[in-house]
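Per-entry structural report
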Amino acid sequence: MKRVFRIILVPIIPKLALSYENTGDFKNAIHYYKAAYENSKSDILLYHLARNYDQFYKDKSSAIAYYKKYLSSDDTIKVTREYSQQRMQQLTDFR
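Okay, so let's go over this structure. (Residues numbered from 1 in each chain as written. Predicted model: local features only at pLDDT ≥ 70, side-chain atom pairs only at ≥ 80, totals over all residues. Heavy atoms only, no water.)

A look at the overall build of the chain
Spelled out, the test is: Secondary structure elements are taken from DSSP: a helix is a run of H or I of four residues or more, a strand is a run of E of two residues or more, and numbering for both begins at the N terminus. Here a residue-residue contact requires only that any non-hydrogen atoms of the pair lie within 4.5 Å. Accessible surface is estimated by sampling points in the Shrake-Rupley manner with a 1.4 Å probe; for residues, cover comes only from the protein chains shown.
When helices and strands are tallied, the chain shows 6 helices and 0 strands. Tracing the chain from N to C terminus, the helices and strands come up as α-α-α-α-α-α. In the chain, once contacts between residues fewer than 6 apart in sequence are set aside, the share between residues at least 24 apart is 39%. For the chain, the exposed area adds up to about 6400 Å²; of that, 54% sits on carbon and sulfur atoms.

Spelled out as structure tokens, the structure:
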């Protein structure tokens, strides 16, 4: 029974995270993006975690850590990689 729930819920978790992100509930978005990443290890979820940490927390160290993880991944989405690089530069210059 547990396996059936997992099969059903795993694809829904990132969508739930995105809906929280879209409503500005970054804390819940982070929670569900983490759960989604633990289940799928999809690199794009690292980007989403970085963005949500960046939005929600004043301390940007977690955002920087997730941007670094994303940039060291094999993901090839050009726009998200460029944004991550630019944001990392801004955050490190700001410190």
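After presenting the structure, the write-up continues.
Considering the packing of helix α4 (residues 44-56) against helix α6 (residues 78-94)
The packing of two helices is summarised by the inter-axis angle and the distance between the axes. Rule in force here: Helix axes are fitted only over the stretch in contact, all axes being lines through C-alpha atoms; the angle between N-to-C directions runs from 0 to 180 degrees. Handedness of each helix crossing follows the sense of rotation of the near helix against the far helix: counterclockwise by less than a right angle gives left-handed, clockwise gives right-handed. The nonpolar class holds Ala, Val, Leu, Ile, Met, Phe, Trp, Tyr, Cys and Pro. Asp, Glu, Lys and Arg form the charged class, and all remaining residues, Gly among them, are polar.
It is at 11 Å that the axes of α4 and α6 come closest, and there the two elements cross at 35°. For the pair α4 and α6, the sense of crossing is left-handed. When α4 is examined against α6, the residues Ile-44, Tyr-47, Arg-51 and Asp-54 are found in contact with a partner set consisting of Thr-80, Tyr-83, Ser-84, Arg-87 and Leu-91. Tallied by class, the residues present in the contact of α4 with α6 amount to 4 nonpolar, 2 polar and 3 charged.

Overview of helix α3 (residues 26-40)
Rules: Helix span, expected: 1.5 Å multiplied by one less than the number of residues in the helix. Think of it in three bands: residues with accessible area under 20% of the maximum for their type are buried, residues over 50% are exposed, and the middle band is partly exposed, with areas taken using a 1.4 Å probe on protein chains only.
Given a rise of 1.5 Å per residue, 15 residues ought to cover 21 Å, and the 20 Å separating the end C-alpha atoms of α3 matches this to within 8%. Every buried residue belonging to α3 is among Phe-26, Ala-29, Ile-30, Tyr-33, Ala-35 and Ala-36, and all of these are buried. Remark: Lys-41 follows α3 within two positions and exhibits a positive phi of approximately 60°.

Considerations on the pattern of salt bridges
Put simply, the rule is: Salt bridge, as used here, is a side-chain nitrogen of Lys or Arg placed within 4 Å of a carboxyl oxygen of Asp or Glu.
Applying the stated criterion across every chain yields a total of 3 salt bridges. In this structure, Lys-60 and Asp-54 form a salt bridge, with 3.3 Å as the shortest nitrogen-oxygen distance. Taking the shortest distance from any N to any O, the salt bridge between Glu-82 and Lys-78 comes out at 3.9 Å. Here the residue Glu-82 and the residue Lys-78 both occupy positions in helix α6, the gap between them amounting to 4 residues, near one helical turn.

What to know about the environment of Asn-28
Within the fold, Asn-28 resides in helix α3. Asn-28 gets classed as partly exposed once you look at its relative accessible area, which sits at 29%. Considering only alpha carbons, one finds Asn-28 and Asn-52, 24 residues apart in sequence, at a separation of 9.6 Å.

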